[in-house]
Amino acid sequence: MRRGRERTLMVIKDDLYEVGIAQRRHMFGPEGAEGQTEHTTDLNDKIQDFVTRNCFGDIWQRDHLTTIDRSKITFAMLVATGRAHETRIHARGALANGVTPLQLREIAVHATLYCGIPAAVDGLKALEEVFAEKGISLDLDGESTGKTTV
């Protein structure tokens, strides 16, 4: 901060911001919404503005894909690109958006075919951490015991 100049919040608060912050709040709670945007610094203010307004206020609001579809796609892309931190964040968001734990597991398993075993293992490890924190059982469908349900 420069002397003699008042620091103002660098995130632009307009209609895109309002829609975006509501989407972030729904998916990630207040800590992942206002907890990020209200604590910007000169280091991260531009990215917080972009994420809130452009990602969640614009792209996530477009027609033709549901929020559940976007969550599944985002989770798959993050597994594919090996972004473990963001994979965990978006696993939480996907659950909040209505994606089931079983669907997330299947996306990570499917990644084995197109992204390789290490990416799939990292995706499953991220899910294991998120499921543990959310109290979601790892017994999803009985496959590991041979007692599957349909």
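Summarised in this report is the structure supplied together with it. (Residues numbered from 1 in each chain as written. Predicted model: local features only at pLDDT ≥ 70, side-chain atom pairs only at ≥ 80, totals over all residues. Heavy atoms only, no water.)

Details of the overall build of the protein chain
So, point 1. The helix and strand inventory of the protein chain stands at seven helices and zero strands.
So, point 2. The order of α-helices and β-strands along the protein chain, N terminus first, is α-α-α-α-α-α-α.
So, point 3. Overall, the C-alpha framework of the protein chain stretches about 70 × 30 × 30 Å when taken along its three principal axes.
So, point 4. Counting only residues that meet the buried cut, the protein chain has 33% of its 150 residues in that class. (Helix = DSSP H or I, 4+ residues; strand = E, 2+ residues; numbered from the N terminus. Buried < 20%, exposed > 50% of the residue type's maximum accessible area, 1.4 Å probe, protein only.)

Side note on the side chain of Asp141
So, point 1. Along the polypeptide, Asp141 turns up in the segment after helix H7 (117-134).
So, point 2. Of note is the side chain of Asp141, whose polar atom sits 2.7 Å from the side chain of Arg105.
So, point 3. At 3.1 Å, the side chain of Asp141 and the backbone nitrogen of Glu143 are in polar contact. (Polar contact = N/O pair within 3.5 Å; in protein donor to acceptor, adjacent residues only side chain to side chain.)

What about the nonpolar core?
So, point 1. Phe75, Val79, Ala91, Leu95, Leu104, Leu127 and Phe131 are the most contacted members of the largest nonpolar core, which has 15 residues in total.
So, point 2. For this core, the elements supplying multiple residues, two or more each, are helix H4 (67-80), helix H5 (84-96), helix H6 (101-115) and H7.
So, point 3. A per-element tally of this core places H7 first, with five residues. (Core = buried A, V, L, I, M, F, W, Y, C linked by side-chain atoms within 4.5 Å.)

Thoughts on the packing of helix H1 (residues 15-32) against H5
So, point 1. Across the interface, H1 lies against H5 with an axial gap of 9 Å and an inter-helix angle of 120 degrees. Taken together, the axes of H1 and H5 are oblique relative to one another. Of the two elements, H1 crosses H5, and the hand of that crossing is right-handed. For the pair H1 and H5, the contacting residues are His26, Met27 and Phe28 in the first and Ile89, His90, Arg92, Gly93 and Ala96 in the second.
So, point 2. Its residues assigned to classes, the contact of H1 with H5 shows four nonpolar, three polar and one charged. (Axes fitted to C-alpha atoms, helices over the stretch in contact; angles between N-to-C directions. Parallel < 35°, antiparallel > 145°, perpendicular 65-115°, else oblique. Left-handed = near helix turned anticlockwise from the far one by under 90°. Contact = heavy atoms within 4.5 Å. Nonpolar A, V, L, I, M, F, W, Y, C, P; charged D, E, K, R; others polar.)

Section: the packing of aromatic side chains
So, point 1. Scanning all chains against the criterion turns up two aromatic pairs.
So, point 2. Aromatic pair Phe56 and Trp60: ring centres 5.5 Å apart, planes at 35 degrees, arrangement tilted.
So, point 3. For Trp60, a relative accessible area of 9% translates into the label buried.
So, point 4. The rings of Phe28, Phe56 and Trp60 are connected pair by pair, giving a single aromatic cluster. (Phe/Tyr/Trp six-rings, centres within 6.5 Å; stacked < 30°, edge-to-face > 60°.)

Section: H7
Side chains that are three or four residues apart share a direction in an α-helix, a result of its 3.6 residues per turn.
So, point 1. Relative to the 26 Å expected for 18 residues at 1.5 Å per residue, H7 spans 25 Å between its end C-alpha atoms, a close match to the ideal helical length.
So, point 2. Among all positions in H7, only Ala119, Ala120, Gly123, Ala126, Leu127, Val130 and Phe131 are buried. End-on, the buried residues of H7 take up no more than an arc of 130 degrees, which puts them together on one face. The outward face of H7, more than 90 degrees from its buried face, is lined by the exposed residues Ile117, Pro118 and Ala132.
So, point 3. In this structure, the buried side of H7 is in contact with H4, H5 and H6.
So, point 4. Once H7 finishes, Gly135 follows within two positions and takes phi at roughly 75 degrees, a positive value. (Expected span 1.5 Å × (residues − 1). Arc of directions from axis to C-beta.)

Overview of the pattern of salt bridges
Between side chains of opposite charge, pairing is possible as soon as their charged atoms come close.
So, point 1. One pass over the full model with this rule turns up eleven salt bridges.
So, point 2. For the salt bridge of Asp45 with Lys46, the shortest nitrogen-to-oxygen distance reads 3.2 Å.
So, point 3. Judged by its relative accessible area of 3%, Asp45 falls in the buried class.
So, point 4. Relative accessible area serves as the criterion here: at 56%, Lys46 is assigned to the exposed category.
So, point 5. Linked by salt bridges that have partners in common, Arg105, Glu106, Asp141 and Glu143 make up one network. (Salt bridge = Lys/Arg side-chain N within 4 Å of Asp/Glu carboxyl O.)

Taken by themselves, the reported measurements are silent on function.
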